Amino acid sequence: MILKKLRAEDFRLCGDAECVFEPGVNVICGINAQGKTTLLEAAWLLTGQRSFRARSDKELVRFGAESARVSATVETDGRDFECELILGARRRVTVNGVKRAPLPLRAILFSPTDLDLVRGGAAERRRFMDAAISQLRPAYAKALAEASRLYEHKTRILRDGDPAMLDVLEDFSLRYAAACSRLIYYRNAWCRRLAETAPAVHKAIGGETLELSYKTVTGVDPEGKKPSDIYPLLVEHWRAHREAEIASGSCLSGAHKDDIELSLDGLSARTYASQGQARTAALSLKLAERDISTLDTGSPPVMLLDDVLSELDPRRQDFFLNSIAGGQVLITCCEDEGVSSRTGGKVLTVEAGRVRQG
Ligand SMILES: Nc1ncnc2c1ncn2[C@@H]1O[C@H](COP(=O)(O)OP(=O)(O)OP(=O)(O)O)[C@@H](O)[C@H]1O
Ligand SMILES: [Mg+2]
């Protein structure tokens, strides 16, 4: 998986930024607020995921412009895919000229906020699962979009508390349970693989014994079950909480509270991990995600590292850089920090939204 070329036009502060990337390490350098993260953000959109920092596409359009354009050449399995995204009032996507085709990039983003993956709230870990699984399983991305839409409808009806809407509520709840049964099925399968992969990575960095397990709706054990077996359990849970949902005016049953429980040497990592321990565990999770994606597809995903190296001590930096060698990496940093000399990477310099190769 290689991102060969990327062009961002009227995208945030970039009028026209063009990058040509190497298959190995690419170091994106520049002082603050020049457009380094912006370039990773443009690259990330080629995975079909939403931006990791914008609430809407409108934010991505350069002030004063009508729309933004991101275009790229992505190579996967020896084939080139020409991608184009037009962002504005409506998003338009074409891949090799085909409208609404799935975007081909597989990538893993790692930024300083991901260091909160372990000690932060469950939403962080759901975002981690969602981004990882969506890129491997298109059916998951579909179920996720559907579940989010239904959750919003359901929440609105419950909040408004209009008795005339109770019939509709029943229908939305059943459809929401169906979408959640698919999410739970995929999340459970992926977390099982993560639980097999991450502890060894964590040991290799010199960490403690890491254990993890997927947590979903109380009383629902997805192990060995298909979505059609999970669905009745969710419906049962929802029926038991139906009155409570109406009384509280909020959605109490479904996969929107899911989490990954992590422990280090048997202690809850979220509660007890030190900052350094939490960072190491976050690193292990991201590297394990990379291993799973590589095994599944036969090639490593592109690693997008936003300012993350400076947050790690030299030992973790070396471990991390060694672990991701062999695939394509885009790293942003304020100064080169010796990254390009250590990795033999190409340097791209960003200044006021323009890119200079070298
Ligand atoms: N829609 C937009 N139109 C024009 N400029 C924008 C838009 N959105 C963001 N910017 C500007 O882009 C700049 C930030 O770019 P970016 O986050 O890519 O910087 P960076 O090089 O990663 O900086 P740092 O080293 O501080 O992380 C900010 O100064 C911001 O005002
Ligand atoms: Mg930045």
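This write-up is about the structure you can find in this document.

Calculation rules
Residues numbered from 1 in each chain as written. Chains lettered and ligands numbered in written order. Predicted model: local features only at pLDDT ≥ 70, side-chain atom pairs only at ≥ 80, totals over all residues. Pairing = 2+ DSSP bridges. Helix = DSSP H or I, 4+ residues; strand = E, 2+ residues; numbered from the N terminus. Contact = placed C-beta atoms within 7 Å. Axes fitted to C-alpha atoms, helices over the stretch in contact; angles between N-to-C directions. Expected span 1.5 Å × (residues − 1). Bend = angle between axes of the 7 residues up to and from the residue. Buried ≥ 20, exposed ≤ 12 C-beta atoms within 10 Å, placed from the backbone. Near = placed C-beta within 6 Å. Nonpolar A, V, L, I, M, F, W, Y, C, P; charged D, E, K, R; others polar. Parallel < 35°, antiparallel > 145°, perpendicular 65-115°, else oblique. Left-handed = near helix turned anticlockwise from the far one by under 90°.

### Side note on the sheet that holds strand β11 (residues 267-268)
Okay, so step 1: Sheet architecture is open: 3 strands sit in the order β9-β10-β11, paired in antiparallel fashion. Every interior strand has two partners, whereas the edge strands, β9 (210-215) and β11, have only one.
Okay, so step 2: The pairing of strand β10 (residues 259-264) with β11 spans 2 bridges and is classified as antiparallel. Opposite Leu264, over in β11, you have Leu267 as the bridge partner.
Okay, so step 3: Lying on the sheet, helix α4 (residues 166-204) is in contact with β9 and β10; it crosses β9 at an angle near 170 degrees.

### Considerations on α4
Okay, so step 1: Along its 39 residues, α4 runs 54 Å from first to last C-alpha, staying within 8% of the 57 Å computed at 1.5 Å per residue.
Okay, so step 2: Of all the bends in α4, the greatest, near 25 degrees, is centred on Ala195, and the proline Pro199 appears no more than four residues after it.
Okay, so step 3: Phi turns positive, to about 95 degrees, at Gly206, one or two residues after α4.

### Notes on the environment of His237
Okay, so step 1: Structurally, His237 can be placed in helix α5 (residues 227-248).
Okay, so step 2: The class for His237 is partly exposed, based on 19 C-beta atoms found within 10 Å.
Okay, so step 3: C-alpha of His237 to C-alpha of Leu252: the two residues are 15 residues apart in sequence and 9.4 Å apart in space.

### Details of the site of ligand 1
Okay, so step 1: Near ligand 1 lie 15 residues; those nearest to it are Leu13, Asn32, Lys36, Thr37 and Thr38.
Okay, so step 2: In terms of residue class, the shell around ligand 1 is built from 5 nonpolar, 6 polar and 4 charged.

### Observations regarding unusual backbone geometry
Okay, so step 1: With a phi close to 50 degrees, Asn96 is a non-glycine residue in the positive phi region.
Okay, so step 2: Positive phi is not limited to glycine here, since Asp265 has a value of about 50 degrees.
Okay, so step 3: In this structure, Asp265 sits in the loop between β10 and β11.

### Examining the packing of helix α7 (residues 275-297) against helix α8 (residues 314-324)
Okay, so step 1: Close contact between α7 and α8 brings their axes to 11 Å; oriented N to C, the two are set at 5 degrees. With respect to α8, the element α7 is oriented roughly parallel. Of α8, the residues touching α7 (which contributes Thr280, Leu283, Leu287 and Arg290) are Arg316, Phe320, Ser323 and Ile324.
Okay, so step 2: For the contact of α7 with α8, the residue count by class is 4 nonpolar, 2 polar and 2 charged.

### Some thoughts on the packing of α4 against α7
Okay, so step 1: Put simply, α4 and α7 touch, their axes get as near as 8 Å, and they point 125 degrees apart. By the angle class used here, α4 and α7 are oblique. Pair α4 / α7 crosses with right-handed handedness. Packed against α4, whose contacting residues are Arg193, Leu194, Thr197, Ala198, Val201 and His202, the element α7 presents Thr280, Ala281, Ser284, Leu285, Leu287, Ala288, Asp291 and Ile292 at the interface.
Okay, so step 2: Here the residues of the contact of α4 with α7 are counted per class, giving 8 nonpolar, 4 polar and 2 charged.

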